[in-house]
Amino acid sequence: MSADDSSSIVEKTQYVGGDVVSVLLPLPLGTTYDYLVDDGQILGIGDFVDVPLGTARTRGVVWGPATGDVSRERLKPVAGQLDTAPLPAESAAFVSWVSRYTLSPPGAVLRMAMSVPEALDPAKTTTAFTLRADPPSFKSTPARERVIAVLNDGPPRTASDLAREAGTSPGVAKGLLAAGVLETLSIAAAVPPVPHFETAGPTLSAAQKTAADTLCRAVQDRGFAVHVLDGVPGSGKTEVYFEAIAATLRAGRQALIMLPEIALSAQWRNRFTERFGVKPFEWHSDVTRARKRDTWRALTKGGPRVVVGARSSLFLPYPDLGVIVADEEHEAAYKQEDGVIYNARDMAVVRARISDIPVVLASATPSLESVVNASAGRYNTLHLPERHAGVALPDVELIDMRTDKLPAARWISPTLREALRKTFDKGEQAMLFLNRRGYAPLTLCRDCGHRLQCPNCSAWMVDHRLLGRLQCHHCGYSMSLPHKCPAETCGAEDSFVACGPGVERLAEELTTLFPDIRHTLAASDTIHSPRTAEALVRAIENHDVDVIVGTQIVAKGYHFPLLTLVGVVDADLGLSGGDLRAAERTYQLLYQVAGRAGRAQHPGRVMLQTYLPEHPVMAALASADRRTFMATETRARKATGMPPFGRLAALIVSGKDEARVDKAASALGRAAPRHEGVQVFGPAPAPISLLRGRHRRRLLLKAKKDVPVQAILKQWIRSARIPKKIRVQVDVDPYSFM
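Throughout this document, residue positions are counted from 1 along each chain, in the order its sequence is written. Residues qualify for local features only when their pLDDT is at least 70, as the model is predicted, and side-chain atom pairs are given and counted only at 80 or more; totals for whole chains, interfaces and linings, by contrast, use all residues. As a rule here, side-chain values come from all non-hydrogen atoms in the structure, and water together with hydrogens is ignored.

Draft legend 1. Region of the structure containing the packing of helix H6 (residues 206-221) against helix H7 (residues 237-250). The axes used here are C-alpha line fits, helices contributing only the stretch in contact, and every angle between their N-to-C directions lies in the interval 0 to 180 degrees. Runs of E in the DSSP output that reach at least two residues are strands. Runs of H or I that reach at least four are helices, and both are numbered from the N terminus. As a packed pair, H6 and H7 sit with axes 8 Å apart at the nearest point and diverge in direction by 25°. One way to sum up the angle between H6 and H7 is to call them roughly parallel. With respect to the hand of their crossing, H6 and H7 are arranged in right-handed fashion. For the pair H6 and H7, contact is made by Gln208, Ala211, Ala212, Leu215, Cys216 and Val219 and by Glu239, Val240, Tyr241, Glu243, Ala244, Ala247 and Thr248, respectively. Across the contact of H6 with H7, the residue classes break down as nine nonpolar, two polar and two charged. Relative orientations are named as follows: roughly parallel for angles under 35 degrees, roughly antiparallel for angles over 145 degrees, roughly perpendicular for angles from 65 to 115 degrees, and oblique for any other angle. In this scheme the handedness of a crossing depends on how the near helix is turned from the far one: anticlockwise by less than a right angle means left-handed, clockwise means right-handed. Contacts are residue-level and defined by heavy atoms, with any inter-residue pair within 4.5 Å sufficient. Asp, Glu, Lys and Arg are counted as charged, while Ala, Val, Leu, Ile, Met, Phe, Trp, Tyr, Cys and Pro are counted as nonpolar; the rest, among them Gly, fall into the polar class.

So this is what it looks like as structure tokens:
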């Protein structure tokens, strides 16, 4: 991928009454629309405007000079300019680049940059409290004195801010207002506090300091570079890139930190607050609309200075971005699979190139793409080979489940059970990992074998005993367990049985084995907000929990000093299927899980239950030999021309009428490109052939590295006749093949 052609916005130009401008609308449209600039208006590229569209009004961005597609006499005038800062040129260039690369309509990409339309409304004012210049005498209390001290030491505050900072109730400020000590005034949204970038962080090791100095120089030099921060779990990667954030703040610029699970990263937020004295501004699905509105508006004016967010935070309108960090850069969560399909890690590199700034890709298990780019000299690698303070990495032991036999309906092996007992006897904590939510992944009738399936998806219903429901993990459909088997030839009563384990079933077995042990479930069903994540962390840190039974949401980032044993119940789970990255992903996940053990003074131990102990993934984990595993994976990809040594692009054909979907897929198959260095596979039913009520077929294009995939895809789709109501989605660089 190259971002060399990313700067597509015409340089800043003013348009006055009588001129014609093109306006891009945040709609899934493939073109801009021309509008007349009305008398008295002065518009520039990037300005947000109100324009007519049919009989309605909508908002868009002045994108450049007129396209000339519509005669002047038929044009409608711009209705008005919105009172907000223009879309930064770098943001506009990024929208254009993502649109071209993903073959998405530019308006659909712009919609991600304008994801909070109410942020374009006039700024709202709020009531704040301040001290009167000549306050009368009043009855003093400790709470009142704290409120006065807060106001003496800073700007006006709202009642809620005063209460939080002074440790009182909002009624204290209102009482002082009634006593004439305080007065109110209307203010716009508060200026975001600047993090305390001069505060020194913890003492860094020699390797950490070398890496931190390199990143700080990159920030100061203000040039594009990609740095892979490759450190073992517990090596202090976060503290290293915090130094780069401090250098960015010192330079008066903005910083973006992307995390794949930001809503659940309670410990990370606490570490940021301890280091910089303020909470980071967050951008993810759990942030309220009002908070997003204020953040979006403040960003356009240069603040807040630090944003931490999910992949969508990449599209915010930063006017002076100085560094981007993609933590856990290997995570599949950075890939968006709906709407505009893109990989936020790759797009972060593009966004950094557009702004000519450094980008940091941090991980204990960097993706093969990043490793290959570093080997080729395109990326710079910063190694942190040891845990901070000399803490040893945990020992990894393989439990061969072919010999360590399990009793019926049991999932914890005798070897792992004994290790758990010893851990609890020492007063230490353990984690049982199984990357499968719910109680059981499959429910079937013991009389006829009928499997309960989602009516909207070709997927089995997952038993969630805690909720008392069966759920589909693809569309969200849920139902109660039927009293009778719905199969026409059966109808047996109370005949359904759960098959296989999920974390709920594992916790049930744990309770049977160790009835006095305190456990907690950590899955997206139970840890679904910052508040519940913080409660989980607090309970584990306070040793209110002896064992965590969790899925992948606890696999990374957490630091629990008393956690010394990690047991993986089904280590082979991710190795099945035809996923190109199955081995790589499984290695990354299990290595990250293993990294939770022994992060303080107590040595750690990791036990992997596997039926495939000879598999290269298991061998690499047991021998701590990542280099050999990555070399083997690299050779295999290179030999087959698979990414990152070749290119892939998928076409996903979907619709509610299966016959029409098959017709469209067949038409695409017949029109498949015939170019040197290009192969097309399919059409074939997708592994999940019915999703949310839509039938799905897939075609896969495989090409050599130097083939212009986007141009070929555009011509391919254009040449096929696609029936109405059939959707063809393009996935350039697919990660999921479902």
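Right, picking up where we left off after that structure.
Draft legend 2. Layout of the sheet that holds strand S10 (residues 225-231). Here, strands pair whenever DSSP counts at least two bridges between them. With respect to topology, seven strands assemble into an open sheet ordered S12-S13-S11-S14-S17-S10-S18, the strand pairing being parallel. Looking at which strands have only one partner, the edges of the open sheet turn out to be strand S12 (281-283) and strand S18 (380-384). When strand polarity is set aside, the average angle formed by the axes of neighbouring strands in this sheet is 20°. Inspection of the sheet shows strand S11 (residues 254-258) paired to strand S14 (residues 321-327) by five bridges, in the parallel sense. Paired with Leu256 across the bridge in S14 is Ile324. Across the sheet, H6 is in contact with S10, S14, strand S17 (358-363) and S18; its angle to S18 comes to roughly 150°.

Draft legend 3. Examining the nonpolar core more closely. Among buried residues, the Ala, Val, Leu, Ile, Met, Phe, Trp, Tyr and Cys ones that are joined through side-chain atoms within 4.5 Å form a nonpolar core. Each residue gets one of three labels from its accessible area relative to the maximum for its type: buried under 20%, exposed over 50%, partly exposed in between, using a 1.4 Å probe on protein chains only. Counting 74 residues, the largest nonpolar core has Leu110, Leu314, Ile324 and Leu713 as its most contacted members. Setting aside anything within four residues of it in sequence, one finds Leu110 in contact with Leu24, Leu25, Pro26, Val61, Trp63, Leu87 and Val95. The next biggest cluster of nonpolar side chains, apart from the first, holds 40 residues, and it includes Ala364, Ile527, Val554 and Ala594.

Draft legend 4. Structural context of the pairing of strand S6 (residues 56-65). As paired strands, strand S2 (residues 20-24) and S6 are joined by four bridges and run antiparallel to one another. Within S6, the residue paired with Val23 across the bridge is Val62. With antiparallel pairing between neighbouring strands as the criterion, strand S5 (residues 48-53) and S6 make up a hairpin whose turn holds two residues, including Gly54 at a positive phi of roughly 65°.

Draft legend 5. Representation of the environment of Leu75. With respect to the helices and strands, Leu75 occurs in the loop between S6 and strand S7 (80-81). Sequence-wise, Leu75 and Val537 are 462 residues apart; in three dimensions their C-alpha atoms are separated by 59 Å. Non-local contacts of Leu75, meaning those with residues more than four positions away in its chain, are made with Val20, Asp34, Leu36 and Val70.

Draft legend 6. Inspection of the packing of aromatic side chains at higher detail. Centres within 6.5 Å are what make two rings of Phe, Tyr or Trp a pair, Trp counting through its six-membered ring; a difference in plane orientation under 30 degrees is then read as stacked, over 60 as edge-to-face, and the rest as tilted. Applying the stated criterion across every chain, the model contains 13 aromatic pairs. A centroid spacing of 4.9 Å and a plane angle of 15° characterise the contact between Trp97 and Tyr101, whose relative ring orientation is stacked. One end of the pair, Trp97, and the other, Tyr101, are both in helix H1 (residues 89-102), four residues apart, so they sit about a helical turn from each other. In terms of burial, Trp97 and Tyr101 fall into one category: buried. Here Phe315 and Tyr342 contribute two aromatic rings whose centre-to-centre distance is 5.3 Å and whose plane-to-plane angle is 75°, an arrangement assigned as edge-to-face. Here Phe315, found in the loop between strand S13 (306-309) and S14, pairs with Tyr342, found in strand S16 (residues 342-343); they are 27 residues apart in sequence, far enough to count as distant. Judged by its relative accessible area of 3%, Phe315 falls in the buried class. Taken together, the aromatic side chains of Tyr241, Phe242, Trp268, Phe272 and Phe276 make up a single cluster linked through ring pairs. Two thresholds decide whether a charge sits over a ring: the Lys NZ or Arg CZ must be within 6 Å of the ring centre and within 35 degrees of the ring normal. In this arrangement the basic side chain of Arg465 is found over the ring face of Tyr439, its NZ or CZ atom lying 3.9 Å from the centre.

Draft legend 7. Spatial organisation of the environment of Val396. Mapping Val396 onto the fold places it in strand S19 (residues 395-400). By relative accessible area, Val396 is classed as partly exposed at 21%. Through-space distance from the C-alpha of Val396 to that of Arg311 is 33 Å; in sequence the pair is 85 residues apart.

Draft legend 8. A look at the sheet that holds strand S20 (residues 429-433). The strand order S19-S29-S28-S20-S27-S26 describes an open sheet built from six strands, whose pairing is parallel. The open sheet has two edge strands, S19 and strand S26 (519-522), and neither has a second partner. Put simply, the sheet's adjacent strands are angled 20° from each other on average, direction ignored. With five bridges connecting them, S20 and strand S28 (residues 563-568) associate as parallel partners. Bridge pairing links Gln429 to Leu563 in S28. Taken strand by strand, helix H12 (residues 414-425) contacts S19, S20, strand S27 (547-550), S28 and strand S29 (605-610), and its axis lies near 155° from that of S20.

Draft legend 9. Structural context of the side chain of Arg698. Its location among the elements puts Arg698 in strand S32 (residues 694-704). None of His or the chain ends enter the tally, which takes Lys and Arg as positive and Asp and Glu as negative. Salt bridges are defined as contacts in which a side-chain nitrogen from Lys or Arg sits within 4 Å of a carboxyl oxygen from Asp or Glu. Buried charge without a salt bridge: Arg698, with Asp731 as the nearest opposite-charge side chain at an N-O distance of 5.2 Å.

Draft legend 10. Expanded view of unusual backbone geometry. A cis amide bond, omega 10°, links Pro643 with the succeeding residue Pro644. Structurally, the position occupied by Pro644 is in the loop between helix H17 (626-640) and strand S30 (646-655). Following Gly682, the chain continues into Pro683 via a peptide bond in cis, with omega recorded as 15°. Within the secondary structure, Pro683 is located in strand S31 (residues 678-691). We note that Ala624 has phi near 55°; this positive angle belongs to a residue other than glycine. Tracing the backbone shows Ala624 in the loop between helix H16 (616-623) and H17. Although it is not a glycine, Asp733 sits at a positive phi angle of roughly 60°. In this structure, Asp733 sits in the segment after strand S33 (727-732).

Draft legend 11. Inspection of helix H5 (residues 170-178) at higher detail. Among all positions in H5, only Val172, Ala173 and Leu176 are buried. Viewed along the axis of H5, the buried residues span an arc of 95°, placing them on a single side of the element. Opposite the buried face of H5, by more than 90 degrees, sit the exposed residues Lys174 and Ala178. Those residues of H5 that are buried are in contact with strand S8 (126-131), helix H3 (142-152), helix H4 (159-166) and strand S9 (182-187). Of the residues one or two after H5, Gly180 is the one with positive phi, at around 85°. Picture the helix axis, draw a direction to every C-beta atom, and the arc is the one those directions span.

Draft legend 12. Just the pattern of salt bridges, in detail. Applying the stated criterion across every chain, the model contains 33 salt bridges. For the salt bridge of Arg59 with Asp121, the shortest nitrogen-to-oxygen distance reads 2.8 Å. Of this pair, Arg59 sits in strand S6 while Asp121 sits in the loop between helix H2 (106-113) and S8, placing them 62 residues apart in sequence. Between Arg269 and Glu282 there is a salt bridge whose closest N-O contact spans 3.4 Å. In this pair, Arg269 sits in helix H8 (residues 266-276) while Glu282 sits in strand S12, placing the two residues 13 residues apart along the sequence. Each of the two residues, Arg269 as well as Glu282, counts as buried. When salt bridges with common partners are traced through the structure, they connect Arg269, Glu282 and Glu534 into a single cluster.

By themselves, these observations are geometric and do not establish any function.
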